[in-house]
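# Observations on chain architecture
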Amino acid sequence: MRSHYCGALGTTNIDETVTLCGWVDRRRDHGGVIFLDLRDREGIVQVVFDPDTQEHFERADRVRSEYVLQITGRVRARGEGSTNPAMATGEIEVLGKKLEILNKAETPPFQLDEHTAVGEDVRLHYRYMDLRRPEMQQKLILRSKITKQVRNFLDDEGFLDIETPILTRATPEGARDYLVPSRTHPGQFFALPQSPQLFKQLLMVSGFDRYYQIARCFRDEDLRADRQPEFTQIDIETAFLNEEEIMAITERMIRGVFKSVLDVELPAFPHMTYAEAMDRYGSDKPDLRIDLELVSVDDLMQQVDFKVFRGPADDEKGRVAALKVPGGASISRKVIDGYTKYVSIYGARGLAWIKVNDIDAGVEGLQSPILKFMPEEIVAQLMQRVEAANGDIIFFGADTAHVVNEALGALRIKVAQDQGLVADHWAPLWVVDFPMFEQDGKGGWSPLHHPFTSPACSAEELAANPGAALSRAYDMVVNGTELGGGSIRIHEAEMQKVVFGLLGIDDEEAEEKFGFLLKALQYGAPPHGGLAFGLDRLVMLITGATSIRDVIAFPKTQSAACVMTDAPGDVSSEQLRELNIRLRQTVTPE
Ligand code: ASP
């Protein structure tokens, strides 16, 4: 039906007769001449109809926004002074000869260029209209380019694309499962996969050696801005590769994506231990574009009487840290009060600070409500430790190490954004040497990655001191976003049982839930490992989107619903009966 895309036309097409199909973006009547901006996925071109072609001119007069047209005409250069540098096709226009109305359209629910004025609910309700916006088209086109690049790379490296089940058993990735009732097994449920984790490990046991899948994953979590209940992973597993080799190959994959899609050469990926990341940045996904660091001052604060600092400094689980912000002395009290409130979200009970007005004047040159609690000698050492200079502000966190890291880690990013201290470049890294477990708050352990991650030590060492054990896990972080994570897996049943045991999963439960895995590990499981990248996050990062919903064609709302199809929805009582389900009470739809 068409010879060219609207947005693909240019000066090379001058004098050609072209046939275009697309939507009316705008229609203007300029005293006897009608201008139509015709839009398709590649862009917009201006079409002009004059009364010489009467029948078609009249039709052009009748069309309205978002009508679907087929137009035949001749490409010509725009006259002197009427070119439009803001438009990709702005040097040319099409002189329309024929116009067919392929379909009419109701008045659009919102002007496509005024989408920001309407709420996101309206955009999601009419998603098919929202997706007509060039900006949204660009994002999804780019997403497709990214997956194509990923597939090509992995294919060249000998990876096989193998699908794994959607109707399955629970895989513990730490979230709640979406359940699907089984009709043929009354009272029993499938779980939708939180990830293909166990299947990809089993594929290694089967000898496929290198697997990948652009896999949909489902996690029923309370949604934050960057989460969706169903999301997509670039899921990878390999046998006979160690962590260095896995990191190297996947780093090349991500480099290739940035190069081909953005023409960006990513800098080197430093490897940083989890301990160092927490110590210096208060986060296991540090944004290395920001040149601010947490500095521990526990030893100094053990020498003061000030309880707020002394307590955590003396406590084994406590931490007192400083965060120096150059130029921050000009931050107003009001803004500092705002920061105090901000860190309270992370459990901090206050935010002490010192402003450095004149470093050479000793305490006289400093300004702070806490100076009176500290001996001058300690203050001097403190200034030296953080390398204070005139114009700095130094913030302090004093609490459990967990609270201090969370609070100052978050403050570091917030202040940097507010003060314009986020450098404009890409800052990737690998975070390695994660602890195997963290305390679950109920006296037990929970895995930092997942229960199938191999420890870096022997089973005996692990059992003797689970809190000190490191795992063979690794995360790729870019600009403070965790793009992907994975690990070398446990490939021996005995080790897997020890880890289950430490996680409070006894033999019986292990057998019931993971019997198939434990059995498979006894039939010649090779050493293996892999990782998964969050595709949605990768696309967000590359397109600069601020919401994950903007890079997914049909996303769910914050309350995990689809306002367009009205899902989730009610089902008939017959369906429920077939599934052997009786609702506990009649639920009235909202
Ligand atoms: N299954 C893991 C996840 O979804 C990734 C991996 O370990 O490969 O986070």
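In this report, the structure presented in the accompanying data block is examined. Treat the numbers as computed from the prediction; the structure is a model and nothing was measured.

### Here's the deal with the overall build of the protein
Secondary structure summary: the protein contains 17 helices and 22 strands in total. Separation of charge centres in the protein, based on 65 positive and 91 negative side chains, amounts to 5 Å.

### Focus on a negative patch on the surface
A cluster of acidic side chains, namely Asp506, Asp507, Glu508 and Glu511, defines a negative patch on the protein surface. Within the fold, Glu508 resides in helix α15 (residues 507–520). In this structure Glu508 comes out as exposed when scored by relative accessible area, which is 65%.

### Regarding the side chain of Gln213
Here Gln213 is to be found in strand β9 (residues 210–218). Taking the relative accessible area as the measure of exposure, Gln213 reaches 8% and is therefore buried. Only 3.5 Å separates the side chain of Gln213 from the backbone oxygen of Ile162, close enough to count as a polar contact. Contacts of Gln213, omitting those with residues within four sequence positions, involve Asp161, Ile162, Glu163, Thr164, Pro196, Gln233, Ile234 and Asp235.

### Quick look at the sheet that holds strand β13 (residues 318–325)
As summarised here, the arrangement of the 5 strands in space is β12-β13-β16-β14-β15, forming an open sheet in which the pairing is antiparallel. Taken across any chain shown, the strands that pair with only one partner, and hence form the sheet edges, are β12 (294–296) and β15 (366–367). Inspection of the sheet shows β13 paired to strand β16 (residues 393–400) by 8 bridges, in the antiparallel sense. Paired with Val325 across the strands is Ile393, a residue of β16.

### Quick notes on helix α12 (residues 401–419)
In an α-helix there are 3.6 residues to a turn, and that puts residues three or four apart on one side. Counted at 1.5 Å a residue, the expected span for α12 with its 19 residues is 27 Å, and the 26 Å between its end C-alpha atoms agrees. By the burial criterion, the buried members of α12 are Val403, Val404, Asn405, Ala407, Leu408, Gly409, Ala410, Leu411, Arg412, Val415 and Ala416. Among the structural elements, α7 (274–281), β12, β13, α10 (333–344) and β16 are those in contact with the buried residues of α12. Downstream of α12 by one or two residues, Gly420 has phi in the positive range, about 70 degrees.

### Observations concerning the site of the ligand
Near the ligand lie 14 residues; those nearest to it are Glu173, Gln197, Lys200, His449 and Arg489. Contacts to the ligand include Arg219, whose side-chain N or O atom sits 3.0 Å from an oxygen atom. For the shell around the ligand, the secondary structure elements donating two or more residues are α5 (197–205), β21 (481–488) and β22 (528–534). Considering each element in turn, the shell around the ligand owes the most residues, 3 residues, to β22.

### Section: the state of the cysteines
Under the criterion given, the structure shown has 0 disulfides. There is no disulfide at Cys6, and the cysteine sulfur nearest it, in Cys21, is 8.2 Å away. For Cys6, a relative accessible area of 0% translates into the label buried. The closest cysteine sulfur to the non-disulfide-bonded Cys217 is located on Cys562, 20 Å from its own sulfur.

### Overview of the environment of Phe153
By the secondary structure assignment, Phe153 is in helix α4 (residues 134–156). In sequence terms Phe153 and Tyr126 are 27 residues apart; their C-alpha atoms lie 36 Å from each other. Sequence-distant contacts of Phe153, that is, excluding residues within four places in its chain, are made with Ile249, Arg252 and Met253.

### Overview of the packing of aromatic side chains
How two aromatic rings sit relative to each other is set out by the distance from centre to centre and by the angle between their planes. Here the structure, examined in full by the defined rule, presents 13 aromatic pairs. Ring centres of Phe306 and Phe309 lie 5.0 Å apart, and the angle between their planes is 55 degrees; this geometry places the pair in the tilted category. We note that Phe306, like Phe309, is buried. Aromatic side chains Phe437 and Trp445 sit 6.2 Å apart centroid to centroid with 40 degrees between the ring planes, which places their arrangement in the tilted category.

### What about the sheet that holds strand β1 (residues 17–30)?
Read around the closed barrel, the 5 strands follow the order β1-β2-β3-β5-β4; overall the barrel is mixed. Across the sheet, the axes of successive neighbouring strands diverge by a mean angle of 55 degrees, strand direction being ignored. Sheet topology note: the β1/strand β4 (residues 68–77) ladder contains 7 bridges and is antiparallel. Across the sheet, residue Thr19 finds its bridge partner in β4, namely Thr72. Contacting β1, β2 (33–40), β3 (43–49) and β5 (92–103), helix α1 (residues 54–62) runs over the sheet at an angle of about 75 degrees to β5.

### Some thoughts on the nonpolar core
Core analysis: the biggest nonpolar cluster contains 40 residues, and Ile146, Leu154, Ile234 and Met253 have the highest contact counts within it. Mapped by element, the contributors of at least two residues to this core are α4, β10 (230–239), α6 (243–262), β17 (428–432), β20 (473–478), β21, β22 and α16 (535–543). Ranked by residues supplied to this core, first place goes to α6 with 8 residues. Each residue touching Ile234, except ones within four places of it in the same chain, is listed here: Val150, Leu154, Gln213, Ile214, Met253, Leu531, Ala532, Phe533, Leu535 and Leu538. Residues Ile354, Ile378, Val386 and Ala398 belong to the second largest nonpolar core, which totals 25 residues.

### Quick look at α1
Regarding α1, the residues found buried are His56, Phe57, Arg59 and Ala60. What you see down the axis of α1 is that its buried residues fit within an arc of 160 degrees, all on one side. Across from the buried face of α1, at angles greater than 90 degrees, the exposed residues are Gln54 and Arg62. Buried residues in α1 make contact with β1, β2, β3 and β5.

### Examining the packing of α4 against α6
In contact at an axis separation of 9 Å, α4 and α6 are set at 140 degrees when each is read in the N-to-C sense. As summarised for this structure, α4 and α6 are arranged oblique, according to the angle between their axes. In this structure, α4 meets α6 at a crossing whose hand is right-handed. Note on element contacts: α6 touches α4 through Ile249, Arg252, Met253, Gly256, Val257, Ser260 and Val261, opposite Leu142, Lys145, Ile146, Gln149, Val150, Phe153 and Leu154. Within the contact of α4 with α6, the residues separate by chemical class into 9 nonpolar, 3 polar and 2 charged.

### Things to note about the pairing of strand β14 (residues 352–356)
Successive side chains on a regular strand alternate, one facing one side of the sheet and the next facing the other. In terms of burial, β14 is largely enclosed, as 5 of its 5 residues are buried. Across the two faces of β14 the burial is the same, with Ala352, Ile354 and Val356 and Trp353 and Lys355 all buried. Relative to β15, β14 runs antiparallel, the two sharing 2 bridges. Within the sheet, the bridge partner assigned to Lys355 lies in β15 and is Gln367.

Reading guide: rules and limits
- Residues numbered from 1 in each chain as written.
- Predicted model: local features only at pLDDT ≥ 70, side-chain atom pairs only at ≥ 80, totals over all residues.
- Heavy atoms only, no water.
- Helix = DSSP H or I, 4+ residues; strand = E, 2+ residues; numbered from the N terminus.
- Lys, Arg positive; Asp, Glu negative; His and termini not counted.
- Charge placed at Lys NZ, Arg CZ, Asp CG, Glu CD.
- Patch = residues over 30% accessible without salt bridge, like charges linked within 9 Å, V, L, I, M, F, W, Y side chains within 5 Å.
- Areas by Shrake-Rupley, 256 points an atom, 1.4 Å probe, with all protein chains shown as cover.
- Salt bridge = Lys/Arg side-chain N within 4 Å of Asp/Glu carboxyl O.
- Buried < 20%, exposed > 50% of the residue type's maximum accessible area, 1.4 Å probe, protein only.
- Polar contact = N/O pair within 3.5 Å; in protein donor to acceptor, adjacent residues only side chain to side chain.
- Contact = heavy atoms within 4.5 Å.
- Pairing = 2+ DSSP bridges.
- Expected span 1.5 Å × (residues − 1).
- Near = heavy atom within 4 Å.
- Disulfide = S-S within 2.5 Å.
- Phe/Tyr/Trp six-rings, centres within 6.5 Å; stacked < 30°, edge-to-face > 60°.
- Axes fitted to C-alpha atoms, helices over the stretch in contact; angles between N-to-C directions.
- Core = buried A, V, L, I, M, F, W, Y, C linked by side-chain atoms within 4.5 Å.
- Arc of directions from axis to C-beta.
- Parallel < 35°, antiparallel > 145°, perpendicular 65-115°, else oblique.
- Left-handed = near helix turned anticlockwise from the far one by under 90°.
- Nonpolar A, V, L, I, M, F, W, Y, C, P; charged D, E, K, R; others polar.

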